[in-house]
Amino acid sequence: MIGLISATAAGAAARDRLAAAWPDRTRVYEGPVGDAVRAAFAECEQLVCFLATGAVVRLIAPLLGDKRTDPGVVTVDEGGRFAVSLVGGHGGGANELAVEVGELLAAQPVVTTATDAVGVPGLDTLGFPVEGDVAGVTRALLDGEPVALDAELAWPLPPLKVSSHGAYVIRVTDRAVEPGEREVVLRPPSLVVGVGASKGAPADEVLGLVESAVRDAGLSLASLARLATVDAKSDEPGIVGAAERLGVPLVTYSAGELAAVEVPNPSDAPLAAVGTPSVAEAAALVGGGELLVPKRKSERADGQPAMATCAVVRRVARGRLAVVGLGPGARDLLTPRAKAELRRAAVLVGLDQYVDQIRDLLRPGTLVLESGLGAEEERARTAVAEARKGQAVALIGSGDAGVYAMASPALAEASDDIDVVGVPGVTAALAASAILGAPLGHDHVSISLSDLHTPWEVIERRVRAAAEADIVVTFYNPRSRGRDWQLPKALAILAGHREPTTPVGVVRNASRPDESSRLTTLAALDPAWVDMMTVVTVGNTATRDIAGRMVTPRGYRWQAAQASEEGAK
């Protein structure tokens with residue numbers, strides 16, 4: 001919960017805007033400011049104070065305890081110009097909150113955390129539990145001192161300026177080791193514990209078994225990713241309670257799925273009870289991995305039979321491929337999620353001209369693998385190969401990466417040995433539509449006129465189907481120096497089903513500085529206006545030019561009513 005505190009009318013107005021925008025995330029604290037700050041500090045994970053920075057410093061100073069547990073605090077000035085991350089930048093999420101508040105209130109976020117200021121990932125922001133000399137190793141990264149990466153597990157990390165040797169060390173391991181001097185230990189979520197339990201097994205017994213199994217194997221509970229069991233035990237209180245107390249999700253599988261997993265210690269008891277010869281080992285091994293702790297039973301102080309079993313598996317480290325759509329070109333049409341993925345990636349793969357668009361957003365140390373036009377399949381193979389090495393990879397494309405872009409060749413190359421994340425982007429068709437008015441207000445289709453990958457006979461059949469179905473059509477790749485006949489041919493097909501006065505929108509370089517557009521008709525369109533940087537949108541029989549804007553109504557009823565009125569005249 002985010003506590004909101006203000007002292008003046010202007011502050012209250014900005015406060016109320018946040019409260020209205022985030023009704024489920026915020027709580028307004030009224031009354032004397034000091035009392036409000038103290039109450040919010042005790043009850044909320046984060047605070048936004050619409051007060052002077054100095055005033056907030058004095059109010060929260062007696063309340064500060066530990067940066068790992070204190071709430072993040074953001075201050076917004078009286079004029080609403082700045083959103084300042086005051087304390088808890090990383091641990092309390094104040095840095096991200098300052099950015100969010102700034103976007104909502106049109107204020108400039110102010111983040112002074114050293115790592116954020118220079119683009120170096122904070123070691124406590126990587127999403128892994130971290131132990132050791134975080135401040136010292138971070139300072140070494142900031143100062144450019146040699147920092148060695150000792151990765152016992154090839155887990156995908158963001159770009160870090162590391163080397164093979166150094167006085168400071170970043171160690172990636174799930175083993176229960178103590179950090180050395182000048183060392184940070186990152187705990188990747190590499191361990192899966194499969195659990196079986198008799199009906200009514202106490203949560204303490206399940207929890208004690210899991211904890212002892214992990215610790216006896218010399219492993220760290222901080223690397224526990226999840227508990228796993230059979231579907232029939234999905235609501236078993238002891239298992240559910242153990243997962244909650246460990247702070248990890250509980251995943252379940254059907255008996256059939258578990259029965260298909262080869263295990264070293266099958267048993268008739270679970271086969272009779274839930275339909276699979278193994279629960280603990282099989283549930284842990286779903287998806288593969290190394291069995292570190294074979295099935296073991298709990299031990300009860302009262303001498304009664306064990307009610308729980310567990311097995312521990314180190315899952316295979318999986319690389320991560322984010323396929324990122326950059327939008328049509330304008331920076332403000334690049335989504336926040338896309339920006340986050342670009343900064344998360346240790347390896348960026350893309351067309352050179354697209355890389356140039358976003359190079360300034362990359363963190364220092366990002367490996368950039370760029371190539372020229374016509375190398376789509378090669379880029380896709382490169383991105384997948386880097387992800388298979390355990391890297392965090394971003395593969396970029398213009399517009400939406402899944403629309404005439406890089407997602408298709410990448411996913412055709414990828415198998416289930418890597419994690420793939422799709423990041424949508426604003427397409428050229430949508431950007432052009434917004435410029436033209438509302439041409440896509442009803443059913444619409446996008447068709448590429450490039451016959452480099454698709455035979456013209458297939459393209460022509462699709463254009464004809466769209467024409468006969470009276471669907472608005474946006475043409476991608478409509479015309480180039482070497483392909484100048486396809487667009488006239490496609491327009492002629494549409495003209496066989498639509499009036500010469502049908503509105504047509506032509507937009508070149510949508511959202512870019514040299515953007516241009518024009519609204520014309522099917523009969524008046526000159527193909528010479530069009531090149532590969534252009535999208536052409538042809539309306540249907542209901543599309544109209546209204547006040548210079550291309551509009552396709554959401555239904556045909558208004559058209560029928562209009563025709564009836566004209567007939568009555």
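Anyway, here's the lowdown on the structure attached to this text. Everything quoted here is computed from the prediction, not taken from an experiment.

## Overview of the pattern of salt bridges
Thought 1: Here the structure, examined in full by the defined rule, presents 28 salt bridges.
Thought 2: With a closest N to O distance of 3.3 Å, Arg296 and Asp216 form a salt bridge. In this pair, Arg296 sits in strand E14 (residues 290–297) while Asp216 sits in helix H7 (residues 203–216), placing the two residues 80 residues apart along the sequence.
Thought 3: A salt bridge links Glu341 to Arg320, with the shortest nitrogen-to-oxygen separation between them at 2.7 Å. Here Glu341 is found in helix H12 (residues 336–344), whereas its partner Arg320 is found in strand E16 (residues 320–325), with 21 residues between them in sequence.
Thought 4: Look at Glu341 and you get buried, because its relative accessible area is 9%.
Thought 5: Owing to a relative accessible area of 14%, Arg320 belongs among the buried residues under this scheme.

## Some words on the side chain of Glu205
Thought 1: Checked against the element boundaries, Glu205 lands in helix H7.
Thought 2: For Glu205, a relative accessible area of 11% gives the class buried.
Thought 3: A distance of 3.4 Å separates the side chain of Glu205 from the side chain of Arg300, its partner in a polar contact.
Thought 4: A polar atom in the side chain of Glu205 sits 2.9 Å from the backbone nitrogen of Met307.
Thought 5: Beyond its immediate sequence surroundings of up to four residues, Glu205 is in contact with Ser298, Arg300, Ala306, Met307 and Ala308.

## Points about the packing of helix H1 (residues 9–21) against helix H4 (residues 94–105)
Thought 1: As a packed pair, H1 and H4 sit with axes 11 Å apart at the nearest point and diverge in direction by 105°. As summarised for this structure, H1 and H4 are arranged roughly perpendicular, according to the angle between their axes. Note on element contacts: H4 touches H1 through Val101, Leu104 and Leu105, opposite Ala14, Arg17, Leu18 and Ala21.
Thought 2: For the contact of H1 with H4, the residue count by class is six nonpolar, no polar and one charged.

## A word on the packing of aromatic side chains
Thought 1: Taken as a whole and judged by the stated rule, the model has two aromatic pairs.
Thought 2: Centroid distance Tyr404 to Tyr476: 4.8 Å. Interplanar angle 50°. Geometry classified as tilted. Taken as a pair, Tyr404 in the loop between strand E19 (392–397) and helix H15 (407–413) and Tyr476 in strand E23 (residues 472–476) lie far apart in primary sequence, 72 residues in all.
Thought 3: Judged by its relative accessible area of 11%, Tyr476 falls in the buried class.
Thought 4: The side chain of Arg25 reaches across the aromatic face of Trp22, ending 4.4 Å from its centre.

## Here's the deal with the sheet that holds strand E9 (residues 168–172)
Thought 1: Strand order in the open sheet formed by four strands is E7-E10-E9-E8, and the pairing between neighbours is mixed. In the strand order of this sheet, the two ends are held by strand E7 (130–132) and strand E8 (147–151), each with one partner. Averaged over all neighbouring strand pairs, the angle between strand axes comes to 20°, with direction disregarded.
Thought 2: Bridge count for E9 against strand E10 (residues 183–186) is four bridges, and the pairing is parallel. The residue bridging Ile170 from the neighbouring strand is Val184, located in E10.
Thought 3: Of the strands in this sheet, E7, E8, E9 and E10 are in contact with helix H6 (residues 134–143), which crosses E9 at around 115°.

## Description of the sheet that holds strand E26 (residues 534–538)
Thought 1: Spatially, E22-E23-E26-E24-E25 is the arrangement adopted by the five strands of the open sheet, whose pairing is mixed. Single-partner strands in this sheet number two, and they are strand E22 (444–448) and strand E25 (516–521). Across this sheet, the average inter-strand angle for adjacent strands is 20°, counted without regard to direction.
Thought 2: For E23 and E26, the ladder comprises three bridges, and the chain directions are antiparallel. Across the sheet, the residue bridging to Val473 is Val538, located in E26.
Thought 3: On top of the sheet, helix H16 (residues 428–436) reaches E22, E23, strand E24 (503–508), E25 and E26; it is set at about 115° to E24, its chief contact.
Thought 4: On top of the sheet, helix H17 (residues 456–468) reaches E22 and E23; it is set at about 160° to E22, its chief contact.

## Details of the pairing of E16
Thought 1: With six of its six residues buried, E16 lies for the most part within the structure.
Thought 2: Every second residue of E16 is oriented toward a common face, with Arg320, Ala322 and Val324 on one face and Leu321, Val323 and Gly325 on the other, all of them buried.
Thought 3: With six bridges joining them, E16 and E19 adopt parallel strand pairing. If you follow Val323 over to E19, its bridge partner there is Leu395.

## Digging into unusual backbone geometry
Peptide bonds are mostly trans, and most non-glycine residues show a negative phi.
Thought 1: A positive phi is found at Ala106, a non-glycine position, where the angle reads about 60°.
Thought 2: As for its placement among the helices and strands, Ala106 is situated in the loop between H4 and strand E6 (108–110).
Thought 3: Residue Ala106 is classed as exposed on the basis of its relative accessible area, which comes to 70%.
Thought 4: A positive phi angle, near 60°, is found at Arg182, a position not held by glycine.
Thought 5: Inspection of the secondary structure assignment puts Arg182 in the loop between E9 and E10.

## Observations concerning the side chain of Thr552
Thought 1: Relative to the elements of secondary structure, Thr552 occurs in the loop between strand E28 (549–551) and helix H19 (557–568).
Thought 2: Contacts of Thr552, omitting those with residues within four sequence positions, involve Ala438, Pro439, Gly441, His442, Val472, Asn540 and Thr543.

## What to know about the nonpolar core
Thought 1: The biggest cluster of nonpolar side chains holds 23 residues, and the ones touching the most others in it are Val193, Val195, Val206, Val210, Leu224, Leu227 and Val312.
Thought 2: When contributions to this core are tallied by element, the ones reaching two or more residues are strand E11 (191–197), H7, strand E12 (224–230), helix H8 (237–246) and strand E15 (308–314).
Thought 3: Considering each element in turn, this core owes the most residues, six residues, to H7.
Thought 4: Beyond its immediate stretch of four places on either side in the chain, Leu224 contacts Leu191, Val193, Val210, Leu246 and Val248.
Thought 5: Counting residues in each nonpolar core, the second largest holds 21 residues, with Val463, Ala490, Ile493 and Val530 among its members.

## Side note on H16
Thought 1: Here H16 has its buried residues at Ala429, Ala431, Ala432, Ser433 and Leu436.
Thought 2: Where H16 ends, the next residue or the one after it, Gly437, has phi of about 140°, a positive value.

## A few points about the environment of Glu211
Thought 1: For Glu211, the position within the fold is in helix H7.
Thought 2: Judged by relative accessible area, which is 22%, Glu211 ranks as partly exposed.
Thought 3: Taking C-alpha positions, Glu211 is 10 Å from Leu224, a pair spaced 13 residues apart along the chain.
Thought 4: Contacts of Glu211, omitting those with residues within four sequence positions, involve Leu221 and Leu246.

The rules behind each value
Residues numbered from 1 in each chain as written. Predicted model: local features only at pLDDT ≥ 70, side-chain atom pairs only at ≥ 80, totals over all residues. Heavy atoms only, no water. Salt bridge = Lys/Arg side-chain N within 4 Å of Asp/Glu carboxyl O. Helix = DSSP H or I, 4+ residues; strand = E, 2+ residues; numbered from the N terminus. Buried < 20%, exposed > 50% of the residue type's maximum accessible area, 1.4 Å probe, protein only. Polar contact = N/O pair within 3.5 Å; in protein donor to acceptor, adjacent residues only side chain to side chain. Contact = heavy atoms within 4.5 Å. Axes fitted to C-alpha atoms, helices over the stretch in contact; angles between N-to-C directions. Parallel < 35°, antiparallel > 145°, perpendicular 65-115°, else oblique. Nonpolar A, V, L, I, M, F, W, Y, C, P; charged D, E, K, R; others polar. Phe/Tyr/Trp six-rings, centres within 6.5 Å; stacked < 30°, edge-to-face > 60°. Lys NZ or Arg CZ within 6 Å of the ring centre and 35° of its normal. Pairing = 2+ DSSP bridges. Core = buried A, V, L, I, M, F, W, Y, C linked by side-chain atoms within 4.5 Å.

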